[in-house]
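Residues per chain are reported as follows:
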Amino acid sequence: MGTFRIEGGHQLSGEITPQGAKNEALQILCAVLLSNEKITIHNIPDIIDVNKLITLLEDLGVKIQKKGKGSYTFKADDINLDYLQSDQFKQDGRGLRGSIMLVGPLLGRFGKGYIPKPGGDKIGRRRLDTHFEGFIKLGAKFRYNREEYFYGVEADKLVGTYMLLDEASVTGTANIVMAAVLAEGTTTIYNAACEPYLQQLCKMLNRMGAKISGVGSNLLTIEGVESLGGTEHTMLPDMIEIGSWIGLAAMTRSELTIKNVSWDDLGQIPNAFQKLGIQLERKGDDIYIPKHEKGYKVQNYIDGSILTIADAPWPGLTPDLLSILLVISIQAEGEVVIHQKMFESRLFFVDKLIDMGAKIILCDPHRATVIGHNFKSTLKATTMVSPDIRAGISLLIAALSAKGTSTIHNIEQIDRGYEDIDTRLRAIGAKIDRV
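One structure accompanies this document, and this report is about it. (Residues numbered from 1 in each chain as written. Predicted model: local features only at pLDDT ≥ 70, side-chain atom pairs only at ≥ 80, totals over all residues. Heavy atoms only, no water.)

### Some points on the sheet that holds strand S18 (residues 335–339)
Defined as follows: Strand pairing is assigned whenever DSSP detects at least two bridges linking the two strands. Strands here are runs of E lasting at least two residues and helices are runs of H or I lasting at least four, both read from the DSSP assignment and numbered beginning at the N terminus. As a rule, the C-alpha atoms of each element are fitted with a line to give its axis, helices using only the stretch in contact, and angles between N-to-C directions run from 0 to 180 degrees.
Spatial strand order, S17-S18-S20-S19: four strands in an open sheet with mixed pairing. For this open sheet the edge positions go to strand S17 (307–310) and strand S19 (360–364), each flanked by a neighbour on one side alone. Sheet twist, expressed as the average angle between the axes of neighbouring strands with direction ignored, equals 20 degrees. Pairing geometry for S18 and strand S20 (residues 367–371), over five bridges, is antiparallel.

Next up, the structure:
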C-alpha cells in the first residue's frame, strides 16, 4: 500500500495542464472493438484504470502500438473471443469498473459479450440494469451466473428499437450506443446521457461511419450501419482534474493557471466554484485563479437561505466534484449544504476532515452541512487512508492546506484517476513525497 507524505501550509504557483479525461478514455478505448481498421487516439491519460483497460484489450487480441506520450494506435482485426470465457478475463475484468463498456461493442460486432461483475470505487451501489435492459430491447438474450458473478448477452442479430432509459446513465448510454451502431434498423434512445464525453464518443463513431443524430441532447437516433472504419481522435481534458486544481488553488490561497481546459465543455463547473466565492478568470482557453488572500465568501440564495450544492445529470453538476467542493467549503466564509444524490457512501470520508478540525455535520449518507472557517483557523495534519479516487484527491487538497505533515495511505486509489500527481504538484511548489 503506497503512501504520500505531505507538508502542508505552502502557497503554490505556476501552471498546470490537465490530463486527458479518464471517463472519456474508458468509453473511447472500448469503441476500438467496433472496427477492424486502425484507430489512433491522442491524449490518453497514463493512469491505472486506463492502463488496465488497454491491457484487457491487448489480451482480447487488439493490436496496440504506442506512438508517443498519450498516443496509441489500435487495430481489432483478430479478436480472441475465447478469452472472454477464460478465468484470466474473469479475474482481470472484475478489477475495473469501466470494463462493463466492453460488452456493447462486442455484442454489436460479434453477437456476444461477457463481463464479470465489475469492481471499482467503494462509493455505493452502481447498478447495471440500464445497460442490460437496453441490450435486451435490441434483441439480446441475457444470462447471469450467480456463482461466478458473470454476466453475458448474446444475439444472432440486433434490431433497432425505441427505448426510454430508466436513468440517464453515462456508461449505460455509451454501451447501448456502441451496440446499436451496428444493429439492423433505427434505434431511438430517450433520456440518454448527454455529457461532453458521450458527445465525444458519438462524434468519433460518426467519423468511423456511424449515423448518430441528436448528439448533445437526451434524444439520440441511431441508424444502424453494416460496418465501421478507422479514425483519429483526441480526448478532452479531464474536467474532474480541472475542478481539483481550482479547489487546490482556493484552499492553499495560491495563484495558479490551469492550461487548455476546453472551457466550452465545462458546463456548470466554473459556476459551482463561483457560488462558493472563488474567483476564476478566463484567459483564452485557460483558467486563471488569483491568490485568495482575503478568502472567499459563499453566495446564499437571493432569499437569504443557505446555499445547497447538489449533483445532477448533465448539464447539471457532475457528482465527481462534490467531494472537492465540500473540502474547499471548509475555508469559505459562510455555510453550505453538499447534497450527493447519486452515491450513498461518497461522503463517508468527512470523518477524516473532522479529525483535521473541519466543521462538518454529516446529516445522512447523502448530505453534509459545512460551516466555513474563513481561514481564521487552519486544518491540522493527520494520518488518513484514501477510500476512493475522489475522496483521495479531496483529502490530498486538505492535507496541502493543513498545518504540519500529513500522511495518506492507499494512494493507489488516487493513482487510478490522476496521472503522476506528486511530480506535477511538486512542479508548482507542493511539498509532497511518495513513500
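### Points about empty space enclosed by the protein
What counts is decided by this rule: Lining residues are those with an atom within 4 Å of a point, where the points come from a 1 Å grid over the protein atoms alone and group into cavities, where a 1.4 Å probe fits but cannot get out, or pockets, open sets with protein on both sides within 12 Å along at least five of seven lines. Grid points are joined across faces, edges and corners, and a volume is the space filled by probe spheres set on the points. Here the nonpolar group is Ala, Val, Leu, Ile, Met, Phe, Trp, Tyr, Cys and Pro; Asp, Glu, Lys and Arg are the charged ones; every other residue, Gly included, is treated as polar.
Applying the stated criterion to the full structure yields one cavity of 30 Å³ or more. Here the largest cavity is characterised by a volume of approximately 40 Å³. Considering the residues around the largest cavity, the lining is formed by Pro196, Tyr197, Leu236, Pro237, Met239, Ile242, Val261, Ser262, Asp265 and Leu266. For the lining of the largest cavity, the secondary structure elements donating two or more residues are helix H7 (196–207) and helix H8 (239–251). For the lining of the largest cavity, a count of residues per class yields eight nonpolar, one polar and one charged.

### Here we look at helix H2 (residues 48–60)
Let me state the cut-off plainly: Take the number of residues in a helix, subtract one, and multiply by 1.5 Å to get its expected span. Relative accessibility thresholds used throughout: buried, under 20% of the residue-type maximum; exposed, over 50%; partly exposed, between the two (1.4 Å probe, protein chains only). Here the arc refers to the directions that run from the helix axis out to each C-beta atom. We call two residues contacting when some pair of their heavy atoms lies within 4.5 Å.
Its 13 residues place the ends of H2 18 Å apart at the C-alpha level, agreeing with the 18 Å of an ideal helix rising 1.5 Å per residue. Taken together, the buried positions of H2 are occupied by Asp49, Val50, Leu53, Ile54, Leu56, Leu57 and Leu60. Along the long axis of H2, the arc covered by the buried residues comes to 155 degrees, so they all point the same way. Elements that come into contact with the buried residues of H2 comprise helix H1 (22–31), strand S4 (63–68), strand S5 (71–75), helix H3 (87–94) and helix H12 (389–401). Backbone geometry just after H2 places Gly61 at a positive phi near 110 degrees.

### Focus: the packing of helix H10 (residues 322–329) against H12
To keep it simple, the criterion reads: We call two directions roughly parallel when the angle between them is under 35 degrees, roughly antiparallel when it is over 145, roughly perpendicular when it lies between 65 and 115, and oblique otherwise. Each crossing gets its hand from how the near helix is turned against the far one by less than a right angle, where anticlockwise is left-handed and clockwise is right-handed.
At a closest axis distance of 8 Å, the pairing of H10 and H12 adopts a crossing angle of 20 degrees. Between H10 and H12, the angle is such that the two are roughly parallel. For the crossing formed where H10 meets H12, the hand is right-handed. On the side of H10, the interface is formed by Ser323, Ile324 and Val327, while H12 contributes Arg390, Ala391, Ile393, Ser394, Ile397 and Ala398. Class assignment of the residues belonging to the contact of H10 with H12 gives a composition of six nonpolar, two polar and one charged.

### A few points about helix H5 (residues 129–137)
Among the residues of H5, Thr130, His131, Phe132, Gly134 and Phe135 are the ones counted as buried. On its buried side, H5 packs onto helix H4 (103–110), strand S6 (112–116), strand S7 (141–145), strand S8 (150–154), strand S9 (162–164) and helix H6 (170–180). Where H5 terminates, the next one or two residues include Gly139, which has phi positive at roughly 115 degrees.

### Examining unusual backbone geometry
Cis geometry is found at the peptide bond from Trp314 to Pro315, where omega equals 15 degrees. Looking at the secondary structure, you find Pro315 in the loop between S17 and H10. In the Ramachandran plot, Asn260 falls in the positive-phi region, its phi being about 50 degrees despite a non-glycine side chain. Of note, Asn260 is situated in the loop between strand S14 (255–258) and helix H9 (269–275). According to the relative accessible area criterion, Asn260 is partly exposed, its value standing at 46%. Positive phi, normally seen in glycine, also occurs at Asp420, with a value near 50 degrees.

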